[in-house]
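# Notes for the structure review
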Amino acid sequence: MMEALRFYPEAVTFIPLATIRRERRLPIPGKVRVQRGDVVDAATVLAVAEQPAGVVIVDIARALKVPPQRAAAYLQRKPGASVRAHEVLARRRIWLGLRTLRVRSPVDGEVVMAGGGKVLIRAGMRSLELRAGFPGKVVEVLPAYGAVLETTGALIQAFWSSGVDFNGMIRIVTSGAEPLRARAIDPVAQGAIVVGGAWIEPSALEQAERLQVRGIIAGSMETSLLSMVRDLSFPVVLTEGFGRLPMHPGIFRIFSLYQGREAFVVQPSPGPDGGPGRPEILIPVPTENPPPLEPAGEVDLRPGVQVRLLREPYRGRTGTVLRISPYPWTLDSGLRSWCAEIQLDGGEGKVWIPVYNMEILRS
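### A closer look at the environment of Met 247
As for its placement among the helices and strands, Met 247 is situated in the loop between β18 (236-242) and α4 (249-257). Once the C-alpha coordinates of Met 247 and Ala 218 are considered, the two residues, 29 residues apart in sequence, prove to be 6.8 Å apart. The contact partners of Met 247, leaving out residues within four places of it in the chain, are Gly 176, Val 195, Gly 196, Gly 197, Ala 198, Ile 217, Ala 218, Gly 219, Thr 239, Glu 240, Phe 252 and Phe 255.

Here it is, written out as structure tokens:
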């Protein structure tokens, strides 16, 4: 008798309390600055490396969003001037002066040439610093590359993030299914991570910029807002995807449980296939007795597993696997695929979905 086929869709984790271990690694060999047993905070430098920089071209016109012929008017460092890494090369005020776009030098060096909207910098060595990203304890040193950190608390694997690692206090401003609009964000949100349950409206981004929030976490947003998000001074994180999708109730419950605590958003390392991984939201919670390690490894699709559907007309819907077809079906597109019968959450019936059009939810 032939063994039944097994399917392993991508698994997404959101769990309110677990022991979490993360490998933090430099892209090139360097020098590790921590030892096993060290307690670190988010800003602790775990390892450093020196990378030859050579000549660096900085596209200031693109960063300032002006035509190349106008970029020179915004230069702060002229040819022949020395610059330090992170020093401002050019700046431009936008939004009636409410915000300033800045272009910073990525390296120490000398400005050699400026023209055509670009700046040419002759650089020496560039220092790369690997920071912890979240508070924890060093449980393993990765010689020449970094360390494995451990903490306890909540873990949420999100869908997308616009920015770098950041942290701030959690402030929930909407219900789980309510869109995030300007009126929900008041001055108390200044410096906090604003959490909205559903999708983001443009007015909310403008209000958040005025009040200088630390970041926004929401279920989703329209792709038409991407250009606006790139101009913001704070990062945006989506837990579900693009469009108008509400945050999963289990994820919203975790944020509600830890309202007022500090959350740390860590950008992903490359996934197993070399592509980008998922941004992760960690909410450290000290415990007397360490909770179990977070679920890890592949999970096979089987009856009883919770899933989220990835394609229309059920995109974003969640449910439970009832059974998997014993043979492939011919789809409307003409392709053949094994399918799974899903009981949709909310008592909205059963549907058959191709096994590759879903992801497993681990909570």
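### As for the pairing of strand β26 (residues 350-354)
Pairing of strand β25 (residues 339-344) with β26, which is carried by five bridges, proceeds in the antiparallel orientation. Residue pairing in the sheet places Ile 342 in a bridge with Val 351 of β26. From the end of β25 to the start of β26, which pair antiparallel, there are five residues, and Gly 346 there has a positive phi angle of about 85°.

### Description of the sheet that holds strand β11 (residues 125-131)
Read from one edge of the open sheet, three strands run β2-β4-β11, paired in antiparallel fashion. If you trace the sheet from one side to the other, it starts and ends with β2 (31-32) and β11, each paired once. Of the strand pairs in this sheet, β2 and strand β4 (residues 45-52) are connected by two bridges, and their pairing is antiparallel. Looking across to β4, one finds that Val 32 is bridged to Ala 47.

### Some thoughts on helix α2 (residues 202-211)
Within α2 the residues assigned to the buried category are Ala 204, Leu 205, Gln 207, Ala 208, Glu 209 and Leu 211. Looking at the buried positions of α2, the neighbouring elements they touch are β8 (99-104), β17 (215-221), α3 (226-230) and β18. Backbone geometry just after α2 places Gln 212 at a positive phi near 55°.

Procedures and definitions
- Residues numbered from 1 in each chain as written.
- Predicted model: local features only at pLDDT ≥ 70, side-chain atom pairs only at ≥ 80, totals over all residues.
- Heavy atoms only, no water.
- Helix = DSSP H or I, 4+ residues; strand = E, 2+ residues; numbered from the N terminus.
- Contact = heavy atoms within 4.5 Å.
- Pairing = 2+ DSSP bridges.
- Buried < 20%, exposed > 50% of the residue type's maximum accessible area, 1.4 Å probe, protein only.

Shape is all these values report; function is a separate question.
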